[in-house]
Structure formats: C-alpha cells, structure tokens
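Each chain is listed here by its residues.
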Amino acid sequence: DRKAFWKKIVHPDMLRAKELGEWNWVVEEPIHEVYSFPFLTEEFCNILIEESEHHNCYLSVNDGPNGPDEYPTTDVRLATFPGESVDDKPVNDLYIDLLREFIYPIIEHVWKYKVKTWQWPFLARYISHEQPFLDFHHDNCTCALVVALNQEGVDYEGGGTFFERQRWTDNKPTGYATLHPSRLTHRHGAKRVTKGTRYVLNTFID
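Residues numbered from 1 in each chain as written. Predicted model: local features only at pLDDT ≥ 70, side-chain atom pairs only at ≥ 80, totals over all residues. Heavy atoms only, no water.

### Description of the packing of helix H2 (residues 12–20) against helix H4 (residues 90–111)
So, point 1. Their axes nearest at 11 Å, the elements H2 and H4 cross at an angle of 70°. Classified by the interaxial angle, the pair formed by H2 and H4 is roughly perpendicular. In this structure, H2 meets H4 at a crossing whose hand is left-handed. On H4, the residues touching Met14, Leu15 and Lys18 of H2 are Glu101, Phe102 and Ile106. (Axes fitted to C-alpha atoms, helices over the stretch in contact; angles between N-to-C directions. Helix = DSSP H or I, 4+ residues; strand = E, 2+ residues; numbered from the N terminus. Parallel < 35°, antiparallel > 145°, perpendicular 65-115°, else oblique. Left-handed = near helix turned anticlockwise from the far one by under 90°. Contact = heavy atoms within 4.5 Å.)

Below you can see the structure in the form of structure tokens.
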C-alpha cells in the first residue's frame, strides 16, 4: 500500500498536511521567500546516506558534478543507485514520486507556480578534508529544494546554507527541507564544515 509505505519515509507532519490539503500546517517562512518544512523521516535519510557511501559513485569537485557546472560539488545522482537491472532506478523514481506528491503542491501553494520539469536529484557531501564548502552562486533553475540528511552539532560541525543578501544561515534538522528562488534574489553558498560530514539532497526545479 502506497500510503502505508509513505509512513516509513515521509515526516508525519507532512503526511498530515497532505491529508488535510492544508500546506500551512507545515510550511514556515523563516526569511522572505525561503520556505522550510519537515519532509523525510530520519530513517529514510540514513538509508540515502548509507546507499550513497556503499555504492561510492561520488563525482569529486575536480571532476565536476553530474553535468557542466561553474560551482561543482562532490555529489552523486540518485539515478546512479542501482536496482535489479541497469535501467532500474528505484530510489530516483521513488524520490521523483515524492516530489510530485508533496513538493510540487507546496510550490504551487506558496508561489502559484506550476512545475514544468526538474533536473536530476543529487546527494552532495561536504567533508573538512575533501570539499568543506561551496562558494556563493545562483542555481541554474527557477527554484531549488535542499533537504538536510543529517544534523549539525551531531554528525558534523559548521556547514549550513548561507544566503548572502539576507545574511541568514539555514542549518535545519535531519529530514527538513527548504525551497528558495534560484536565479536572482537568493545567492547562496555552503559554509565550511570543520568536522565530520554534512549530507544534503538537492533538486533543481523549473
């Protein structure tokens, strides 16, 4: 049963908001035009981290990300997590389904904008001895979704998404997500991780 399965991977407050059809149940706006809300369970976040490290398909900052980018991260596409065949992408397909069911309605709710497409979701990591930070940049999309997969102060120190003009750092709890506009007003970067490893799940949306 689809809804029963969702209970294992989607935060209960998000499930309640969808059931009620009332996204204001979960969506907060900590700074102007940045929206934050609980999205994934800690259990599912741990699974994503474990899978990413187990298959070890990360592309390094020197290699660039999973496509041409002026600001490369050490990352891995969810589509590279294998299934039963080379064409089977169960984790990626599952996550795209979650985007359609939970994130696209929130985008329409807060911006009155209907999503047209998305770029490949990817999991990025920041490690003090590898790639500890990311310079200020604009994402090449209409809006970006960033999901925290682990917790500052527990799994790593430092880090966080810093919005330059707004002078605000987002370092949300495990499983929480933020949505922000990408091309003009919300230039941002990833602050330096000084200890441990920070994992985030990113999706660029148009």
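### Brief notes about unusual backbone geometry
So, point 1. A positive phi angle is found at Glu33, which is not glycine, with a value near 65°.
So, point 2. Within the secondary structure, Glu33 sits in the loop between strand E1 (28–31) and strand E2 (34–38).
So, point 3. The backbone phi angle of Lys112 is positive, close to 55°, even though this residue is not glycine.
So, point 4. Along the polypeptide, Lys112 turns up in the loop between H4 and strand E4 (122–127).
So, point 5. The class for Lys112 is exposed, based on a relative accessible area of 67%. (Buried < 20%, exposed > 50% of the residue type's maximum accessible area, 1.4 Å probe, protein only.)

### Quick notes on the sheet that holds strand E5 (residues 134–137)
So, point 1. The antiparallel open sheet is built from 4 strands, whose spatial order is E5-E11-E8-E9. Of all the strands in the sheet, the pair left with one neighbour each is E5 and strand E9 (168–170). Across the sheet, the mean angle separating the axes of adjacent strands is 20° when strand polarity is ignored.
So, point 2. Judged from the 3 bridges that link them, strand E8 (residues 161–163) and strand E11 (residues 188–190) form a sheet pairing that is antiparallel. Each bridged residue has a counterpart across the sheet, and for Phe163 the counterpart in E11 is His188. (Pairing = 2+ DSSP bridges.)

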